Amino acid sequence: MRPPVVDAHCHAGHGDGLTGPWDTDASLDRYRWRARAAGIDRTVLMAALTSDYRAANREVGALVRACPQRYLGYAFVNPATDRGRIDRLVDEARTWGACGIKVHWKDGRVTREVAEVARSRCLPVLYDPGGDLATVEMAVRAYPDVAWVVPHLSSFGDEWKAQVAFVDQLARHPNLHTDTSGVRYFDVLADAVRRAGAHKVLFGSDGPFLHPAVELAKVRALHLAVDDEALVLGGNVLRLTHSARTAARSLRTVLGVPR
């Protein structure tokens, strides 16, 4: 039996902006069949960018509850406008099974409040810094017991200099990870796996905006050893979320929430 393939980075739902797909519409209509055709077994969902993450997280939660064998979910928070209530937003999302926290640089830099909530609840943080490696350095040093996942080798905007420098960080910090989504500089991705190890890299598509089969092909093209490829394609994200998923199941049982 082959190891599961898990897409560790996919958006879902609707935003209330109109600057691009990322804050407008993240419908899974096309992603669903594309992922199945590509052989992707499970997907981690998170909201589109929006001004109301409480409502957006509930929309993601409905998808996770409707198909728990197919979908996992992260709680998206805004470190600025949700200041003072990050714990409440995350705990509400945990009732439907949220097993991680997502923060995006467009909403603001990650904060101690986010990190403290992640640490106390054993949740990984998927933080897109937009190439701001100084903040990444401070966060991973200040919270070595939090699993940090920085997608796109730190920059969806294809900042080659930032991505190359990020590989150095990835190799140095045991609690720092990355995902493969949207990385165009293939040799930098290959260098990240070689230098930091396959256990630090997660397959992600950044769907539904990017085609999951195309993003998956990049991982296959790395020609990793069988065990290493299994880690990248699903083992790593399942390991990083294991404690959170177990706790979420227990929480739902205590609260009497249907699974």
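Residues numbered from 1 in each chain as written. Predicted model: local features only at pLDDT ≥ 70, side-chain atom pairs only at ≥ 80, totals over all residues. Heavy atoms only, no water.

Caption draft 1: Here's a closer look at the nonpolar core. Core analysis: the biggest nonpolar cluster contains 76 residues, and Val77, Val90, Ile101, Trp148, Leu176 and Phe203 have the highest contact counts within it. Broken down by element, this core gets its largest block of residues, 5 residues, from helix H7 (residues 186–196). Excluding residues that lie within four positions of it along the chain, Phe203 makes contacts with Val5, Val6, Asp7, Ala8, Ile40, Thr180, Pro212, Glu215, Leu216, Val219, Val232 and Leu233. (Core = buried A, V, L, I, M, F, W, Y, C linked by side-chain atoms within 4.5 Å. Buried < 20%, exposed > 50% of the residue type's maximum accessible area, 1.4 Å probe, protein only. Helix = DSSP H or I, 4+ residues; strand = E, 2+ residues; numbered from the N terminus. Contact = heavy atoms within 4.5 Å.)

Caption draft 2: Focus on the packing of aromatic side chains. One pass over the full model with this rule turns up 1 aromatic pair. Here the aromatic rings of Tyr53 and Phe76 are separated by 4.4 Å at their centres, their planes lie at 5 degrees, and the arrangement is stacked. Of this pair, Tyr53 sits in helix H2 (residues 53–66) while Phe76 sits in strand E5 (residues 75–76), and the two are 23 residues apart along the sequence. (Phe/Tyr/Trp six-rings, centres within 6.5 Å; stacked < 30°, edge-to-face > 60°.)

Caption draft 3: Looking closely at empty space enclosed by the protein. Counted according to the given criterion, the structure contains 1 cavity of 30 Å³ or more. Quantified by volume, the largest cavity comes out at close to 40 Å³. The wall of the largest cavity is formed by Ala8, Tyr74, Leu126, Val149, Asp179 and Leu202. (1 Å grid on protein atoms, 1.4 Å probe; cavity = no way out; pocket = protein on both sides within 12 Å on 5 of 7 lines; lining within 4 Å. Points joined across faces, edges and corners; volume = space filled by probe spheres on them.)

Caption draft 4: How the structure looks around the sheet that holds strand E1 (residues 6–14). Strand order in this open sheet of 4 strands is E2-E1-E3-E4, and the pairing throughout is mixed. Of all strands in the sheet, those with a lone pairing partner are strand E2 (25–26) and strand E4 (71–73), marking the two edges. Its contacts with the sheet put H2 on E1, strand E3 (42–47) and E4, and the angle it makes with E3 is roughly 160 degrees. (Pairing = 2+ DSSP bridges. Axes fitted to C-alpha atoms, helices over the stretch in contact; angles between N-to-C directions.)

Interpretation in functional terms is not warranted from these geometric data alone.
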